[in-house]
Amino acid sequence: MIENRQYRIRKSELTGFQNLPETVGGVAGKTVLRWYVSQVTKDEIVLEATTYGEQFDEPLSPVVPRYNPGKSAVLSLIPTGIGCSIGGFAGDAAPVTNLLASTVDYLITNPNSVNASNFIGLDSDNIVYTDGCSLDFFAQGLADLYLPYSNKVGLIVEKSDERTLDIVFNIVNVARAVHGINITDVVVTEKSIGGRCIENKSGAFVGTIDNPQVLFESCDKLIRNGVNAIAITSSIQELPLDAYVKHFAGEYPNPVGGVEAVISYLTTTRFRVPSAHAPILNLDQLDLRNNIVDARGAGEHASPSGLACILIGLQRAPQISPRTNVRVADILHWNNILAVVTPASCLGGIPVIYALRHGIPVIAVEENRTILDVSKSKCELPEIIEARNYTEAAGIILALKKGLNLESIARPLNTLRY
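This section reports on the structure supplied with the text. Since the structure is predicted, the reported quantities are computational estimates derived from the model, not experimental observations.

1. Here's the deal with the overall build of the protein
- Helix and strand counts for the protein come out as 12 helices and 20 strands.
- At 21 Å, the protein has a C-alpha radius of gyration in line with the 22 Å of a compact globule built from 418 residues.
- The dimensions of the protein, computed from C-alpha atoms along their principal axes, are 80 × 45 × 45 Å.
- Residue burial in the protein is summarised as follows: out of 418 residues, 57% are buried.
- Taking the 35 positively charged and 43 negatively charged side chains of the protein as two groups, their mean positions are separated by 5 Å.

2. Some thoughts on the sheet that holds strand β4 (residues 73-76)
- Strand order in the open sheet made by the 6 strands is β8-β5-β4-β18-β19-β20, with parallel pairing throughout. Whereas interior strands pair on both sides, the edge strands pair on one side only; in this sheet they are β8 (127-129) and β20 (385-387). Mean inter-strand twist for the sheet, computed between neighbouring axes without regard to direction, equals 25 degrees.
- Relative to strand β5 (residues 106-109), β4 is paired through 4 bridges, and the arrangement is parallel. Paired with Leu 75 across the bridge in β5 is Ile 108.

3. Things to note about the sheet that holds strand β2 (residues 31-40)
- Strand order in the open sheet formed by 3 strands is β1-β3-β2, and the pairing between neighbours is antiparallel. Strands with a single pairing partner mark the edges of an open sheet, and in this sheet they are β1 (2-10) and β2. For this sheet, the mean angle separating the axes of adjacent strands, direction not counted, is 25 degrees.
- Pairing analysis gives 8 bridges linking β2 to strand β3 (residues 44-52), with the strands arranged antiparallel. Paired with Val 32 across the strands is Thr 51, a residue of β3.
- Packing of helix α1 (residues 20-28) onto the sheet brings it into contact with β1, β2 and β3, and relative to β2 it is tilted by some 115 degrees.
- Packed onto the sheet, helix α7 (residues 257-271) meets β1, β2 and β3 and runs at close to 140 degrees relative to β2.

Basis of the calculations
- Residues numbered from 1 in each chain as written.
- Predicted model: local features only at pLDDT ≥ 70, side-chain atom pairs only at ≥ 80, totals over all residues.
- Heavy atoms only, no water.
- Helix = DSSP H or I, 4+ residues; strand = E, 2+ residues; numbered from the N terminus.
- Rg over C-alpha atoms; globule rule 2.2 N^0.38 Å.
- Buried < 20%, exposed > 50% of the residue type's maximum accessible area, 1.4 Å probe, protein only.
- Lys, Arg positive; Asp, Glu negative; His and termini not counted.
- Charge placed at Lys NZ, Arg CZ, Asp CG, Glu CD.
- Pairing = 2+ DSSP bridges.
- Axes fitted to C-alpha atoms, helices over the stretch in contact; angles between N-to-C directions.
- Contact = heavy atoms within 4.5 Å.

In C-alpha coordinates:
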(Lines give C-alpha, C1' and ligand atoms only; values in the text may rest on other atoms or scores of the structure.)
Protein backbone atom coordinates (compact mmCIF):
# COMPACT_ATOMS: atom_id res chain seq x y z
CA MET A 1 0.00 0.00 0.00
CA ILE A 2 2.83 2.41 0.85
CA GLU A 3 5.38 2.92 -1.89
CA ASN A 4 8.59 4.94 -2.09
CA ARG A 5 9.73 5.83 -5.59
CA GLN A 6 11.98 8.21 -7.45
CA TYR A 7 10.57 10.27 -10.31
CA ARG A 8 12.45 12.25 -12.97
CA ILE A 9 10.93 15.35 -14.52
CA ARG A 10 12.53 17.13 -17.44
CA LYS A 11 13.02 20.83 -16.80
CA SER A 12 11.68 21.54 -20.28
CA GLU A 13 8.28 20.22 -19.11
CA LEU A 14 8.08 22.83 -16.33
CA THR A 15 7.41 26.54 -16.59
CA GLY A 16 9.49 27.06 -13.45
CA PHE A 17 10.76 25.42 -10.26
CA GLN A 18 7.82 26.84 -8.32
CA ASN A 19 5.32 24.88 -10.46
CA LEU A 20 6.54 21.50 -9.23
CA PRO A 21 3.59 20.81 -6.87
CA GLU A 22 1.08 20.60 -9.72
CA THR A 23 3.35 18.15 -11.53
CA VAL A 24 3.89 15.76 -8.62
CA GLY A 25 0.29 14.54 -8.31
CA GLY A 26 0.11 13.75 -12.01
CA VAL A 27 3.41 11.88 -12.01
CA ALA A 28 2.71 9.79 -8.90
CA GLY A 29 -0.98 9.11 -9.69
CA LYS A 30 -1.82 8.14 -6.08
CA THR A 31 -2.32 9.75 -2.70
CA VAL A 32 1.01 11.50 -2.15
CA LEU A 33 1.92 11.54 1.55
CA ARG A 34 5.19 13.46 1.23
CA TRP A 35 7.73 14.39 -1.42
CA TYR A 36 10.89 16.42 -1.88
CA VAL A 37 13.44 17.24 -4.58
CA SER A 38 16.48 15.03 -4.04
CA GLN A 39 18.61 16.10 -7.00
CA VAL A 40 18.78 18.77 -9.68
CA THR A 41 20.78 18.14 -12.87
CA LYS A 42 21.28 20.22 -15.99
CA ASP A 43 18.17 18.76 -17.65
CA GLU A 44 16.14 17.07 -14.88
CA ILE A 45 14.60 17.49 -11.46
CA VAL A 46 14.59 14.28 -9.42
CA LEU A 47 11.80 13.75 -6.88
CA GLU A 48 11.48 11.15 -4.13
CA ALA A 49 7.88 10.58 -3.06
CA THR A 50 6.00 8.38 -0.60
CA THR A 51 2.53 7.40 -1.82
CA TYR A 52 -0.42 5.51 -0.34
CA GLY A 53 -2.56 3.29 -2.55
CA GLU A 54 -5.98 4.37 -1.24
CA GLN A 55 -7.88 7.64 -1.30
CA PHE A 56 -8.75 9.28 2.01
CA ASP A 57 -11.65 11.60 2.78
CA GLU A 58 -12.37 14.70 0.77
CA PRO A 59 -9.20 16.73 0.20
CA LEU A 60 -8.73 19.93 2.15
CA SER A 61 -9.93 23.14 0.51
CA PRO A 62 -7.89 26.37 0.65
CA VAL A 63 -8.55 28.37 3.79
CA VAL A 64 -9.81 31.94 3.61
CA PRO A 65 -6.85 34.33 3.61
CA ARG A 66 -6.66 36.22 6.87
CA TYR A 67 -4.34 38.61 8.62
CA ASN A 68 -3.70 38.55 12.33
CA PRO A 69 -2.21 42.00 12.97
CA GLY A 70 0.95 42.13 15.02
CA LYS A 71 1.67 38.40 14.91
CA SER A 72 5.06 37.68 13.33
CA ALA A 73 6.06 34.06 12.71
CA VAL A 74 9.05 32.30 11.20
CA LEU A 75 9.03 28.75 9.85
CA SER A 76 12.30 26.94 10.62
CA LEU A 77 12.62 23.71 8.66
CA ILE A 78 14.78 20.81 9.86
CA PRO A 79 13.88 17.96 7.46
CA THR A 80 14.34 14.44 8.80
CA GLY A 81 16.24 11.55 7.23
CA ILE A 82 18.66 13.67 5.16
CA GLY A 83 21.49 14.03 7.67
CA CYS A 84 21.12 17.67 8.72
CA SER A 85 24.36 18.53 10.51
CA ILE A 86 22.25 20.67 12.85
CA GLY A 87 19.03 18.89 13.84
CA GLY A 88 19.59 15.55 12.14
CA PHE A 89 20.45 13.68 15.33
CA ALA A 90 18.55 14.04 18.63
CA GLY A 91 17.20 17.50 19.39
CA ASP A 92 20.52 19.11 18.49
CA ALA A 93 18.75 21.96 16.66
CA ALA A 94 17.17 23.07 19.95
CA PRO A 95 19.68 25.89 20.63
CA VAL A 96 19.25 27.45 17.16
CA THR A 97 15.48 26.91 17.35
CA ASN A 98 15.30 28.81 20.63
CA LEU A 99 17.59 31.50 19.19
CA LEU A 100 15.29 32.05 16.21
CA ALA A 101 12.25 31.96 18.52
CA SER A 102 13.62 35.00 20.36
CA THR A 103 13.24 37.13 17.21
CA VAL A 104 9.49 36.73 16.55
CA ASP A 105 6.13 36.10 18.19
CA TYR A 106 6.04 32.46 17.01
CA LEU A 107 8.66 30.03 15.73
CA ILE A 108 7.07 27.12 13.82
CA THR A 109 9.28 24.05 13.47
CA ASN A 110 9.45 20.28 12.96
CA PRO A 111 9.29 18.04 16.07
CA ASN A 112 12.74 16.56 15.35
CA SER A 113 14.27 20.03 15.82
CA VAL A 114 13.85 19.65 19.57
CA ASN A 115 13.06 15.93 20.16
CA ALA A 116 15.75 14.07 22.08
CA SER A 117 13.99 11.03 23.62
CA ASN A 118 13.83 11.70 27.37
CA PHE A 119 14.91 15.28 26.68
CA ILE A 120 13.30 18.09 24.68
CA GLY A 121 14.51 21.58 23.86
CA LEU A 122 11.23 23.50 24.15
CA ASP A 123 12.73 26.28 26.26
CA SER A 124 10.64 29.04 24.65
CA ASP A 125 6.87 29.16 25.04
CA ASN A 126 6.45 30.53 21.51
CA ILE A 127 7.84 27.45 19.69
CA VAL A 128 5.03 25.85 17.67
CA TYR A 129 5.79 22.10 17.57
CA THR A 130 4.26 21.10 14.22
CA ASP A 131 4.36 17.72 12.45
CA GLY A 132 5.59 17.69 8.85
CA CYS A 133 2.20 16.92 7.31
CA SER A 134 0.56 19.87 9.08
CA LEU A 135 3.46 22.08 7.95
CA ASP A 136 2.86 21.08 4.33
CA PHE A 137 -0.90 21.75 4.59
CA PHE A 138 -0.16 25.11 6.21
CA ALA A 139 2.36 26.12 3.54
CA GLN A 140 -0.06 25.20 0.75
CA GLY A 141 -2.76 27.41 2.23
CA LEU A 142 -4.93 24.38 3.02
CA ALA A 143 -4.91 24.88 6.79
CA ASP A 144 -4.39 27.50 9.45
CA LEU A 145 -2.58 26.60 12.65
CA TYR A 146 -4.90 26.72 15.65
CA LEU A 147 -2.70 27.01 18.74
CA PRO A 148 -4.40 25.28 21.68
CA TYR A 149 -4.05 25.98 25.36
CA SER A 150 -3.55 22.21 25.58
CA ASN A 151 -4.46 19.01 23.76
CA LYS A 152 -5.93 15.73 24.94
CA VAL A 153 -3.14 13.36 23.97
CA GLY A 154 -3.77 9.72 23.10
CA LEU A 155 -1.00 7.13 22.82
CA ILE A 156 -0.76 4.09 20.55
CA VAL A 157 1.70 1.44 21.81
CA GLU A 158 2.67 -1.38 19.48
CA LYS A 159 2.20 -4.91 20.88
CA SER A 160 5.22 -5.55 23.14
CA ASP A 161 6.57 -7.69 25.97
CA GLU A 162 5.86 -6.89 29.61
CA ARG A 163 9.26 -5.28 30.28
CA THR A 164 8.81 -2.86 27.37
CA LEU A 165 5.27 -1.96 28.45
CA ASP A 166 6.57 -1.25 31.97
CA ILE A 167 9.05 1.27 30.51
CA VAL A 168 6.38 2.89 28.35
CA PHE A 169 3.82 3.32 31.13
CA ASN A 170 6.44 4.69 33.54
CA ILE A 171 7.30 7.34 30.92
CA VAL A 172 3.59 8.10 30.44
CA ASN A 173 3.17 8.63 34.17
CA VAL A 174 6.27 10.83 34.39
CA ALA A 175 4.88 13.01 31.58
CA ARG A 176 1.60 13.34 33.48
CA ALA A 177 3.13 13.94 36.91
CA VAL A 178 6.03 16.24 35.97
CA HIS A 179 4.84 18.02 32.81
CA GLY A 180 1.11 18.04 33.51
CA ILE A 181 0.21 16.49 30.16
CA ASN A 182 -3.38 15.37 29.69
CA ILE A 183 -2.84 11.82 28.39
CA THR A 184 -6.42 10.62 28.29
CA ASP A 185 -6.17 7.21 26.66
CA VAL A 186 -3.61 4.53 25.77
CA VAL A 187 -4.18 1.75 23.22
CA VAL A 188 -1.87 -1.26 23.12
CA THR A 189 -2.29 -2.90 19.72
CA GLU A 190 -3.02 -6.61 19.39
CA LYS A 191 -0.88 -6.88 16.25
CA SER A 192 2.34 -5.35 15.01
CA ILE A 193 2.21 -2.03 13.11
CA GLY A 194 5.27 -3.16 11.17
CA GLY A 195 7.22 0.02 10.47
CA ARG A 196 10.19 -0.65 8.18
CA CYS A 197 13.23 1.43 7.36
CA ILE A 198 14.07 2.12 3.68
CA GLU A 199 17.02 4.03 2.20
CA ASN A 200 16.19 5.93 -0.99
CA LYS A 201 18.52 6.19 -3.98
CA SER A 202 19.64 9.62 -2.81
CA GLY A 203 20.79 8.17 0.53
CA ALA A 204 17.86 9.77 2.37
CA PHE A 205 15.88 7.51 4.70
CA VAL A 206 12.14 6.91 4.31
CA GLY A 207 10.00 3.93 5.25
CA THR A 208 6.85 1.88 4.94
CA ILE A 209 4.27 0.18 7.20
CA ASP A 210 3.21 -3.47 6.92
CA ASN A 211 -0.13 -3.10 8.71
CA PRO A 212 -1.52 0.45 8.38
CA GLN A 213 -4.97 -0.88 9.32
CA VAL A 214 -3.69 -1.61 12.84
CA LEU A 215 -2.67 2.04 13.09
CA PHE A 216 -5.99 3.28 11.69
CA GLU A 217 -8.13 1.16 14.03
CA SER A 218 -6.17 2.41 17.05
CA CYS A 219 -6.52 6.03 15.93
CA ASP A 220 -10.27 5.56 15.44
CA LYS A 221 -10.63 4.26 18.99
CA LEU A 222 -8.65 7.15 20.48
CA ILE A 223 -10.58 9.81 18.57
CA ARG A 224 -13.92 8.28 19.57
CA ASN A 225 -12.74 8.67 23.16
CA GLY A 226 -12.13 12.41 22.71
CA VAL A 227 -8.42 12.52 21.88
CA ASN A 228 -7.22 15.37 19.63
CA ALA A 229 -3.48 14.62 19.36
CA ILE A 230 -1.94 11.21 18.76
CA ALA A 231 1.44 9.86 19.87
CA ILE A 232 2.63 6.57 18.38
CA THR A 233 5.44 4.41 19.70
CA SER A 234 6.56 1.25 17.93
CA SER A 235 9.57 -0.77 16.84
CA ILE A 236 11.23 -0.09 13.51
CA GLN A 237 12.30 -3.18 11.58
CA GLU A 238 15.15 -3.76 9.13
CA LEU A 239 17.32 -1.05 10.62
CA PRO A 240 20.76 -1.01 8.97
CA LEU A 241 22.87 -1.39 12.10
CA ASP A 242 26.11 -0.37 10.37
CA ALA A 243 24.41 2.88 9.34
CA TYR A 244 23.23 3.40 12.92
CA VAL A 245 26.78 2.98 14.19
CA LYS A 246 27.96 5.61 11.70
CA HIS A 247 25.06 7.84 12.73
CA PHE A 248 26.16 7.78 16.38
CA ALA A 249 29.66 8.64 15.19
CA GLY A 250 28.19 11.73 13.51
CA GLU A 251 28.77 10.47 9.96
CA TYR A 252 25.36 9.33 8.64
CA PRO A 253 21.65 10.29 8.59
CA ASN A 254 19.39 8.89 11.29
CA PRO A 255 17.90 5.69 9.76
CA VAL A 256 14.73 5.96 11.87
CA GLY A 257 13.71 9.49 10.89
CA GLY A 258 12.20 8.68 7.49
CA VAL A 259 9.82 5.93 8.57
CA GLU A 260 8.74 8.01 11.57
CA ALA A 261 7.78 10.78 9.15
CA VAL A 262 5.76 8.33 7.03
CA ILE A 263 3.84 7.13 10.12
CA SER A 264 2.97 10.67 11.25
CA TYR A 265 2.11 11.83 7.71
CA LEU A 266 -0.22 8.86 7.28
CA THR A 267 -1.91 9.56 10.62
CA THR A 268 -2.36 13.31 10.15
CA THR A 269 -3.45 13.01 6.51
CA ARG A 270 -6.22 10.58 7.43
CA PHE A 271 -7.37 11.89 10.81
CA ARG A 272 -6.43 15.60 10.58
CA VAL A 273 -4.97 15.77 14.09
CA PRO A 274 -1.37 16.48 15.15
CA SER A 275 0.70 13.31 15.50
CA ALA A 276 4.25 12.19 16.17
CA HIS A 277 6.13 8.89 16.36
CA ALA A 278 8.90 7.70 18.67
CA PRO A 279 10.86 4.42 18.87
CA ILE A 280 9.41 2.27 21.61
CA LEU A 281 12.93 1.29 22.71
CA ASN A 282 16.17 2.94 21.67
CA LEU A 283 18.87 0.54 20.51
CA ASP A 284 21.32 -0.30 23.27
CA GLN A 285 23.11 -3.32 21.79
CA LEU A 286 25.02 -1.58 18.99
CA ASP A 287 28.69 -2.38 18.50
CA LEU A 288 29.70 1.27 18.80
CA ARG A 289 33.17 2.58 18.06
CA ASN A 290 32.97 4.63 21.24
CA ASN A 291 30.45 4.32 24.08
CA ILE A 292 30.45 8.12 24.33
CA VAL A 293 28.64 8.94 21.11
CA ASP A 294 28.62 12.12 19.04
CA ALA A 295 27.22 14.88 21.28
CA ARG A 296 24.39 15.55 18.82
CA GLY A 297 22.98 12.03 19.28
CA ALA A 298 23.65 11.64 22.99
CA GLY A 299 20.04 12.32 24.01
CA GLU A 300 18.89 9.19 22.19
CA HIS A 301 21.75 7.06 23.45
CA ALA A 302 21.11 8.16 27.06
CA SER A 303 17.39 7.28 27.01
CA PRO A 304 15.74 3.84 27.12
CA SER A 305 12.84 4.99 24.90
CA GLY A 306 12.18 7.82 22.46
CA LEU A 307 8.69 8.46 23.83
CA ALA A 308 8.90 11.24 26.42
CA CYS A 309 9.69 14.09 24.03
CA ILE A 310 6.71 13.57 21.71
CA LEU A 311 4.26 13.41 24.63
CA ILE A 312 5.60 16.75 25.87
CA GLY A 313 5.63 18.28 22.38
CA LEU A 314 2.09 17.20 21.47
CA GLN A 315 0.66 18.84 24.58
CA ARG A 316 0.42 22.15 22.68
CA ALA A 317 0.90 21.07 19.06
CA PRO A 318 -1.31 23.08 16.68
CA GLN A 319 -4.55 21.78 15.20
CA ILE A 320 -5.13 22.28 11.46
CA SER A 321 -8.87 22.87 11.81
CA PRO A 322 -11.15 24.14 14.59
CA ARG A 323 -12.35 21.38 16.91
CA THR A 324 -15.17 21.54 19.42
CA ASN A 325 -13.07 19.92 22.14
CA VAL A 326 -10.09 22.29 21.83
CA ARG A 327 -9.84 25.78 23.33
CA VAL A 328 -7.75 27.95 21.00
CA ALA A 329 -5.25 30.50 22.30
CA ASP A 330 -4.27 31.93 18.90
CA ILE A 331 -4.48 31.31 15.13
CA LEU A 332 -1.69 31.58 12.56
CA HIS A 333 -2.24 31.96 8.83
CA TRP A 334 0.40 31.68 6.08
CA ASN A 335 0.22 35.50 5.81
CA ASN A 336 1.81 35.72 9.26
CA ILE A 337 5.03 34.13 8.01
CA LEU A 338 7.85 36.67 7.99
CA ALA A 339 10.44 34.23 6.59
CA VAL A 340 11.26 30.55 6.07
CA VAL A 341 14.63 29.29 7.33
CA THR A 342 16.06 26.08 5.86
CA PRO A 343 19.37 24.28 5.30
CA ALA A 344 20.93 25.66 2.11
CA SER A 345 21.18 22.30 0.32
CA CYS A 346 17.52 21.16 0.57
CA LEU A 347 15.46 23.87 -1.11
CA GLY A 348 13.11 21.40 -2.84
CA GLY A 349 10.46 20.86 -0.18
CA ILE A 350 6.84 22.02 -0.17
CA PRO A 351 7.17 24.91 2.35
CA VAL A 352 10.12 26.47 0.49
CA ILE A 353 8.44 26.22 -2.92
CA TYR A 354 5.21 27.80 -1.67
CA ALA A 355 7.12 30.53 0.18
CA LEU A 356 8.81 31.46 -3.09
CA ARG A 357 5.42 31.51 -4.82
CA HIS A 358 4.07 34.02 -2.33
CA GLY A 359 7.13 36.25 -2.15
CA ILE A 360 8.03 35.19 1.40
CA PRO A 361 11.79 35.48 2.05
CA VAL A 362 13.64 32.15 2.23
CA ILE A 363 16.84 32.16 4.29
CA ALA A 364 19.23 29.32 3.37
CA VAL A 365 21.69 28.43 6.14
CA GLU A 366 24.96 27.20 4.66
CA GLU A 367 26.38 25.76 7.88
CA ASN A 368 23.53 23.26 8.22
CA ARG A 369 24.74 20.71 5.68
CA THR A 370 22.77 17.71 4.42
CA ILE A 371 23.39 14.77 2.06
CA LEU A 372 21.45 16.59 -0.69
CA ASP A 373 22.62 19.24 -3.14
CA VAL A 374 19.41 21.08 -3.99
CA SER A 375 20.89 24.54 -3.60
CA LYS A 376 20.29 28.11 -4.74
CA SER A 377 22.62 27.75 -7.70
CA LYS A 378 21.35 24.30 -8.74
CA CYS A 379 17.72 25.44 -8.64
CA GLU A 380 18.49 28.83 -10.22
CA LEU A 381 16.73 30.75 -7.47
CA PRO A 382 18.42 34.16 -7.16
CA GLU A 383 15.83 35.40 -4.65
CA ILE A 384 17.10 33.01 -1.94
CA ILE A 385 18.82 34.85 0.93
CA GLU A 386 21.99 33.04 2.02
CA ALA A 387 23.20 33.06 5.63
CA ARG A 388 26.42 31.49 6.81
CA ASN A 389 24.94 30.27 10.11
CA TYR A 390 21.87 30.58 12.33
CA THR A 391 23.29 33.57 14.19
CA GLU A 392 23.38 35.44 10.88
CA ALA A 393 19.90 34.12 10.02
CA ALA A 394 18.57 35.54 13.31
CA GLY A 395 20.00 38.95 12.40
CA ILE A 396 18.38 38.79 8.96
CA ILE A 397 15.01 37.98 10.57
CA LEU A 398 15.32 40.99 12.89
CA ALA A 399 16.12 43.20 9.89
CA LEU A 400 13.09 41.88 7.97
CA LYS A 401 10.89 42.39 11.02
CA LYS A 402 12.11 45.98 11.28
CA GLY A 403 11.39 46.52 7.58
CA LEU A 404 15.02 47.19 6.69
CA ASN A 405 16.31 46.62 3.17
CA LEU A 406 19.02 43.98 3.58
CA GLU A 407 21.23 45.79 1.06
CA SER A 408 21.34 48.79 3.40
CA ILE A 409 23.08 46.85 6.16
CA ALA A 410 25.63 45.14 3.91
CA ARG A 411 28.76 46.53 2.33
CA PRO A 412 29.60 47.63 -0.28
CA LEU A 413 26.45 49.78 -0.58
CA ASN A 414 25.75 50.95 -4.12
CA THR A 415 25.29 54.68 -4.59
CA LEU A 416 22.36 55.77 -6.74
CA ARG A 417 22.97 58.72 -9.09
CA TYR A 418 21.00 60.33 -11.86
